[in-house]
Amino acid sequence: NAGVMQNPRHLVRRRGQEARLRCSPMKGHSHVYWYRQLPEEGLKFMVYLQKENIIDESGMPKERFSAEFPKEGPSILRIQQVVRGDSAAYFCASSGGIEYSGANVLTFGAGSRLTVL
Amino acid sequence: GQQVMQIPQYQHVQEGEDFTTYCNSSTTLSNIQWYKQRPGGHPVFLIQLVKSGEVKKQKRLTFQFGEAKKNSSLHITATQTTDVGTYFCAGQAGGSYIPTFGRGTSLIVHP
């Protein structure tokens, strides 16, 4: 029973390039969350998605960042024209939603660590 | 918006000493969760508390949820080196599916 799969685990980009981070939720989970973690800091909520829908993107920067969770395939967090301040660990988590007893429990992936040169 | 404060930010202990981290929310919570993140790792779910005044135990770990459902604590008895990591609380307000994480408490255990 594979957990939450994230790739790439490490990504290096130069300023101005694009970064694409992918997340496949746990089998049976239809809710995906993206969090950003800076060194020595906590987890900052970015976006919450269900299949084909963005439910809450209140934590997402207004520009350069976008997320999707298509009907088929993984969720993708896309960062355009990256800057040094985007360097962070990006964690994806999934949950089963209201149909599971532990509805709000998050299962995290191993994270994607983005370094912007 | 909802804020979750967690103290202390760091805690150094000698192996065998006890450890406690505290979590406070600016709003009443429907539930609170605790996660542990080992250095270089990812957060792993430990427990969820739902009821006012609830206390749960996992071996040497004791979790409490305040009567007003605005604060929580995690207490570890007789720490071991395997307890090293950052402990996060995450609170959810009623009607929200988005856990808001505290900044975490990093536990360092000296052998």
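Conventions adopted
Residues numbered from 1 in each chain as written. Chains lettered and ligands numbered in written order. Predicted model: local features only at pLDDT ≥ 70, side-chain atom pairs only at ≥ 80, totals over all residues. Heavy atoms only, no water. Helix = DSSP H or I, 4+ residues; strand = E, 2+ residues; numbered from the N terminus. Rg over C-alpha atoms; globule rule 2.2 N^0.38 Å. Buried < 20%, exposed > 50% of the residue type's maximum accessible area, 1.4 Å probe, protein only. Contact = heavy atoms within 4.5 Å. Areas by Shrake-Rupley, 256 points an atom, 1.4 Å probe, with all protein chains shown as cover. Buried area = accessible area lost by both parts, 1.4 Å probe. Salt bridge = Lys/Arg side-chain N within 4 Å of Asp/Glu carboxyl O. Polar contact = N/O pair within 3.5 Å; in protein donor to acceptor, adjacent residues only side chain to side chain. Pairing = 2+ DSSP bridges. Axes fitted to C-alpha atoms, helices over the stretch in contact; angles between N-to-C directions. Disulfide = S-S within 2.5 Å.

A.B. asks: Account for the overall build of chain B, with residues named and values stated.
C.D. replies: A tally of helices and strands in chain B yields zero helices and eleven strands. Along chain B, helices (α) and strands (β) appear in the sequence β-β-β-β-β-β-β-β-β-β-β when read from the amino end. For chain B, whose C-alpha radius of gyration is 13 Å, the value lies close to the compact-globule estimate of 13 Å for 111 residues. Structurally, chain B occupies a C-alpha span of about 45 × 25 × 20 Å along its principal axes. Burial analysis of chain B (111 residues in total) assigns 48% to the buried set. Sequence-distant contacts, at least 24 apart, represent 54% of the contacts inside chain B between residues at least 6 apart. When the accessible surface of chain B is split by element, carbon and sulfur atoms take 53% of a total near 5,300 Å².

A.B. asks: Run through the interface of chain A and chain B, naming residues and quoting values.
C.D. replies: Counting residues at the interface gives 19 residues for chain A and 20 residues for chain B. Between chain A and chain B lies a buried interface of about 1,700 Å² when both sides are counted; carbon and sulfur atoms form 57% of it. Area buried by chain A at its contact with chain B is led by Leu-43, Asn-104 and Phe-108 of chain A, which between them contribute 30% of it. Applying the counting criterion to the chain A and chain B interface returns zero salt bridges. Our count for the chain A to chain B interface comes out at six residue pairs in polar contact (both at pLDDT 80 or more). Only β4 (31–37) and β5 (43–50) of chain A provide two or more residues apiece to the side of chain A that touches chain B.

A.B. asks: Pulling in residues and values, what's your account of the pairing of strand β4 (residues 29–37) of chain B?
C.D. replies: Residues and elements named next belong to chain B. In terms of residue burial, β4 counts as a mostly covered element, since eight of its nine residues are buried. Taken together, the five bridges between β4 and strand β5 (residues 44–49) define a ladder with antiparallel strand orientation. Within the sheet, the bridge partner assigned to Trp-34 lies in β5 and is Ile-47. The turn joining β4 and β5, which pair antiparallel and follow one another in sequence, is formed by six residues; a positive phi near 75° is taken by Gly-40.

A.B. asks: Before we move on, could you go through the sheet that holds strand β8 (residues 75–79) of chain A and cite the residues and values that matter?
C.D. replies: Strand pairing in a sheet is mediated by backbone hydrogen bonds. Such pairs are either parallel or antiparallel. Residues and elements named next belong to chain A. A sheet is described by the order of its strands in space; here four strands give the open sequence β1-β3-β8-β7, paired in antiparallel fashion. Where the open sheet ends on each side, the last strands, each with one partner, are β1 (5–7) and β7 (65–68). For this sheet the average axis-to-axis angle between neighbouring strands, irrespective of direction, equals 15°. Here three bridges tie β1 to strand β3 (residues 19–24), and the two strands are oriented antiparallel to one another. Residue pairing in the sheet places Gln-6 in a bridge with Cys-23 of β3.

A.B. asks: An account of the sheet that holds strand β1 (residues 4–7) of chain B is needed here, citing residue identities and associated values.
C.D. replies: Residue and element names in this part refer to chain B. Within the open sheet, the five strands sit side by side as β1-β3-β8-β7-β6. Their pairing is antiparallel. Edge strands, defined here as strands with exactly one partner in the open sheet, are β1 and β6 (55–58). The mean angle between the axes of side-by-side strands here comes to 15°, regardless of whether they run parallel or antiparallel. Sheet topology places strand β3 (residues 19–25) next to strand β8 (residues 71–76); six bridges connect them, and they run antiparallel. Note that in β8 the partner of Tyr-22 across the bridge is Ser-73.

A.B. asks: A description of the state of the cysteines should follow, citing residues and the corresponding values.
C.D. replies: Applying the stated criterion across every chain, the model contains two disulfides over all chains. Paired by a disulfide, Cys-23 of chain A and Cys-92 of chain A hold their sulfur atoms 1.8 Å apart. Residues Cys-23 of chain A and Cys-92 of chain A are joined through a disulfide that is left-handed, its torsion about the S-S bond being -55°. Placement of the pair is Cys-23 of chain A in strand β3 and Cys-92 of chain A in strand β9 (residues 88–95), with a sequence separation of 69 residues. Taking the relative accessible area as the measure of exposure, Cys-23 of chain A reaches 0% and is therefore buried. Relative accessible area serves as the criterion here: at 0%, Cys-92 of chain A is assigned to the buried category. Cys-23 of chain B shares a disulfide with Cys-89 of chain B; S-S distance 2.0 Å. Classification of the bridge connecting Cys-23 of chain B and Cys-89 of chain B rests on its S-S torsion, roughly 75°, and on that basis the disulfide is right-handed. Of this pair, Cys-23 of chain B sits in strand β3 while Cys-89 of chain B sits in strand β9 (residues 85–93), and the two are 66 residues apart along the sequence. Grouping residues by exposure puts Cys-23 of chain B and Cys-89 of chain B together as buried.

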